[in-house]
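Overview (structure and organization)
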Amino acid sequence: MHVPRPTASPRAAGATRAPRTGVHNADIARCFEDIADLLEIGDENPFRIRAYRNAARIIGELQLDLAGQIQGGRDLPKIAGIGEDLTGKIAEIATTGHCALLERLRKTVPSAVAELLKIPGLGPRRVRTLYRELDVKSMEQLLAAAREGRIRAIPGFGEKTEANIQQAVEARLLKPRRYTLHVAAQYAEPFVRYLRDTPGVIRVVIGGSLRRMRESIGDIDIIATARSSTRLMDRFVSYPEVKEVLSHGPTRSSVLLQSGMQVDLRVVPDESYGAALHYFTGSKGHNIAMRRLAQQRGLKLNEYGLFRGRTRVAGASEESVFGALSLPFIPPELRENSGEIEAAGGGRLPVLVELRDLRGDLHSHTRWTDGQNTVKEMAEAAKARGLTYLAITDHSRRLAAAHGLDPRRLLDQIDEIAAIKVRGFTLLRGIEVDILEDGTLDLPDSVLARLDIVIAAVHSRFNLSRERQTARILKALGHPLVTMLAHPLGRLIGVREPYEVDMLKIVRQAAHRGRFLELNAHPERLDLHDVHCRMAKEEGALVAVNSDAHSVQQLDNLKYGIGQARRGWLEKTDVANTRTLPELRRLLRK
DNA sequence: GCCGTTTTCGGCCCGACTGTTTTCAGTCG
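Residues numbered from 1 in each chain as written. Chains lettered and ligands numbered in written order. Predicted model: local features only at pLDDT ≥ 70, side-chain atom pairs only at ≥ 80, totals over all residues. Heavy atoms only, no water.

1. Quick notes on the overall build of chain A
Helix and strand counts for chain A stand at 24 helices and 17 strands. Against the globule reference of 25 Å for 590 residues, chain A gives a C-alpha radius of gyration of 26 Å, in line with a compact fold. In terms of principal-axis extent, the alpha carbons of chain A reach across some 80 × 60 × 50 Å. Considering only contacts in chain A between residues 6 or more positions apart, those separated by 24 or more positions represent 68%. Surface exposure of chain A reaches about 26500 Å², of which carbon and sulfur atoms provide 50%. (Helix = DSSP H or I, 4+ residues; strand = E, 2+ residues; numbered from the N terminus. Rg over C-alpha atoms; globule rule 2.2 N^0.38 Å. Contact = heavy atoms within 4.5 Å. Areas by Shrake-Rupley, 256 points an atom, 1.4 Å probe, with all protein chains shown as cover.)

Listed below in structure tokens is the structure:
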């Protein structure tokens, strides 16, 4: 099945407990975040706190494995934002699994207190006050204090704040949610259409992480220009699906929909449209870096424009903002402050792959297994979307729940595919064959040899050790008949963590053997991850952006795959299925 | 804690909204 049953998977433990061999960048980043939280509650120098947060963000996005680097006896490269002191702490965490500073801070403030920062409306100062005045050390104690009316008695707090805190804690116990891209889009698009229907409105567009095509979306950001902002704002907060109005001002408002999704609207004058769109698209890190760049040139960047003194020098369009800072337009998918500003400044921005560059799709399913449509219907739907070829790649026998194909049925399917003719369109014969636990394939070579495309996929034993899982996949990629590795991390966004594998080894094996790495475009997968797209590009492995469609409608998921590929800096030449069929066949023969 | 053709010291992104105050702190994005 393309979406296997969720399985429990332990989250990475904190980096500062027992020493262990596998310290990941995420662990180091988490440690720095925890330090920043505790320093903040301790009312430390805000710029010192910012340095830790900044470092955490940089490390979290870094491709280089820091602990591996140190354990291999190599020096860390110079990383902007990480100086002498933090380099030392990285080395400390990588070698000992502990950070002495964090341990020390935890003795002054219990780390459960830092959890309270996650409550919307509670920042460091209020958390500190609640801890000192009421000895509140946990969510439970905070909720009790609110219910008993003890919070309103503290100076600076009032009844309203107390009620808000109580509500926020209760809501948090219901679990905060993030949404996959396609779910967020389902909420966003009708809302945008509704807003466009307002008299006097000029423009309404989606920004934020949805525009950046991030794999999961926390809230929806909408930017608008209008002749009357108050009229638009009034209509915004009266949208029928609104459950609660979180804030309501003339230029900025936030609402909660019945689904729990938060939506923010920012309204600016039309001449500020580009600056506001840029600001509300983010990411936060990108915005900070851009404002700093402006500042270095004696300018000021905010959501109203780019200013020299009081004079606006740009802001009507995003292009004008970038241009006034001597930069080309940076596509939204790249705006993560992960080198895009430097690349833009140096004329090294990639020309990103686009949906219309795709010539075919190399992974799809039919009624032969767990798909909903026939081979012919899939072919016609793919052709209608402008593609010129489609590989039919149903499951192999091991996946019994999906009615996986045994050799006999696969041979029958090959015959059916050969008999189907769609003008100007080519069907490729394929299989998504299970990689068994020992790295061998679920079907004999004699059958696989009759196919154009052999996709190898892990659908079982997700919990093998990193070493065994990696060896299993490397062995499959070494099989002479394998074309490609399906969904390399096996994750389901928000449901199942990726399995433990050494992606660098896998990417290098793929590059060495000429195998493709799939970027599975299903919005719950988006697997390859964007950082591994960049890794694949650097190591010279080709990526195939595939729909893994189980129905004709799911062919439309390709747009999400392209979004992820763009986030991974991929260009047309980095993606295998941008090739024409003759070019693809030449690649496959190699 | 980081960083530097304005600086090795003195800066560090910017503005809106809420609630509790009577001019602003705290929080958020």
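Next, the rest of the story.
2. Considerations on the packing of helix 1 (residues 25-41) against helix 5 (residues 100-108)
The N-to-C vectors of helix 1 and helix 5 enclose an angle of 35°; their axes lie 10 Å apart at closest approach. Judged by the sense of rotation from one axis to the other, the crossing of helix 1 with helix 5 is left-handed. Residues C31, D34, I35, L38 and L39 of helix 1 touch helix 5, and the partners they reach there are L101, L102, L105 and R106. Of the residues in the contact of helix 1 with helix 5, the class split is seven nonpolar, no polar and two charged. (Axes fitted to C-alpha atoms, helices over the stretch in contact; angles between N-to-C directions. Left-handed = near helix turned anticlockwise from the far one by under 90°. Nonpolar A, V, L, I, M, F, W, Y, C, P; charged D, E, K, R; others polar.)

3. Looking at the state of the cysteines
Across all of its chains, the model carries zero disulfides by this definition. This cysteine, C99, is not joined by any disulfide, and C31 carries the nearest cysteine sulfur, 4.2 Å off. Residue C99 is classed as buried on the basis of its relative accessible area, which comes to 0%. (Disulfide = S-S within 2.5 Å. Buried < 20%, exposed > 50% of the residue type's maximum accessible area, 1.4 Å probe, protein only.)

4. So, the pairing of strand 9 (residues 305-308)
Inspection of the sheet shows strand 8 (residues 300-302) paired to strand 9 by three bridges, in the antiparallel sense. By the bridge assignment, K300 is partnered in strand 9 with F307. Between the end of strand 8 and the start of strand 9, which pair antiparallel, lie two residues. Where strand 9 and strand 10 (residues 311-314) come together, three bridges link them in antiparallel fashion. Paired with F307 across the bridge in strand 10 is R312. Count of turn residues in the strand 9/strand 10 antiparallel hairpin: two residues, of which G309 carries a positive phi of about 60°. (Pairing = 2+ DSSP bridges.)

5. Quick word on the sheet that holds strand 9
Here we have three strands laid out as an open sheet, ordered 8-9-10, and antiparallel in their pairing. A single partner strand is all that each edge strand has here, and the edge strands are strand 8 and strand 10. Within the sheet, the average angular offset between the axes of one strand and its neighbour, ignoring direction, is 40°.

6. Quick word on helix 22 (residues 530-539)
Considered for burial, the residues of helix 22 that qualify are D530, H532, C533, R534, M535 and A536. G540 occupies a position one or two residues after helix 22 and carries a positive phi of about 85°.

7. Quick look at the pattern of salt bridges
When charged atoms on two side chains of opposite charge get close, those side chains can pair. Going through the model one piece at a time under the given rule, you end up with 36 salt bridges. Ionic pairing is found between R147 and E170, a salt bridge with its closest N-O pair at 2.9 Å. Of this pair, R147 sits in helix 8 (residues 139-147) while E170 is found in helix 9 (residues 159-173), placing the two residues 23 residues apart along the sequence. On the basis of relative accessibility, which here comes to 52%, the residue R147 falls in the exposed class. With a shortest N-O distance of 3.9 Å, E271 and R312 are connected by a salt bridge. Here R312 lies in strand 10 and E271 lies in the loop between strand 7 (262-268) and helix 13 (273-281), a separation of 41 residues in the sequence. Relative accessible area serves as the criterion here: at 44%, E271 is assigned to the partly exposed category. The network of salt bridges with shared partners includes E33, D37, E40 and R53. (Salt bridge = Lys/Arg side-chain N within 4 Å of Asp/Glu carboxyl O.)

8. Some thoughts on unusual backbone geometry
With omega at -5°, the peptide bond leading from G282 into S283 counts as cis. Topologically, S283 is positioned in the loop between helix 13 and helix 14 (284-296). Residue L528 is reached from D527 by a cis peptide bond, and omega for that bond is 20°. By the element assignment, L528 lies in the loop between strand 16 (516-520) and helix 22. Even without being a glycine, H403 presents a positive backbone phi close to 55°. Of note, the phi angle at D548 is positive, near 55°, even though the residue is not glycine. Positionally, D548 belongs in the loop between strand 17 (543-546) and helix 23 (558-567).

9. Comments concerning the protein's contact with DNA strand B
Near DNA strand B you find 49 residues, and of these R50, G81, G121, G158 and R291 are the closest. Those atoms of DNA strand B that come within 4 Å of the protein belong to sugar or phosphate at a rate of 76%. In this structure, a phosphate oxygen belonging to DNA strand B sits 3.1 Å away from a main-chain N or O atom of T251. For the surface near DNA strand B, the secondary-structure elements that each account for two or more residues are helix 2 (46-61), helix 4 (84-96), helix 7 (124-134), helix 9, strand 5 (242-248), strand 7, helix 14 and strand 8. Element by element, the count of residues in the surface near DNA strand B is highest for helix 2, at five residues. Tallied by class, residues from the surface near DNA strand B come to 17 nonpolar, 16 polar and 16 charged. (Near = heavy atom within 4 Å. Polar contact = N/O pair within 3.5 Å; in protein donor to acceptor, adjacent residues only side chain to side chain.)

10. Comments concerning the confidence of the model for chain A
Per-chain confidence: chain A averages 90 in pLDDT, with 96% of residues scoring 70 or above. For the stretch residues 1-20, pLDDT sits under 50, and the model shows 49 contacts to residues farther than four places along the chain or on other chains. (pLDDT = per-residue confidence, 0-100.)

11. Some points on the packing of aromatic side chains
The geometry of an aromatic ring pair is captured by the separation of the ring centres together with the interplanar angle, meaning the angle of the planes. Overall, the coordinates contain nine aromatic pairs when judged by the stated rule. Geometrically, the ring pair formed by F191 and F236 is stacked, given 5.3 Å between the ring centres and 10° between the ring planes. With a gap of 45 residues between them, F191 in helix 10 (residues 181-196) and F236 in helix 12 (residues 229-237) connect regions that are remote in the sequence. Overall, F191 belongs to the buried group, its relative accessible area being 1%. Ring pairing ties together the aromatic residues F191, Y194, F236 and Y239, which thus form one cluster. For the cation-ring pair, R534 lies above W569, with the distance from its terminal atom to the ring centre recorded as 4.0 Å. (Phe/Tyr/Trp six-rings, centres within 6.5 Å; stacked < 30°, edge-to-face > 60°. Lys NZ or Arg CZ within 6 Å of the ring centre and 35° of its normal.)

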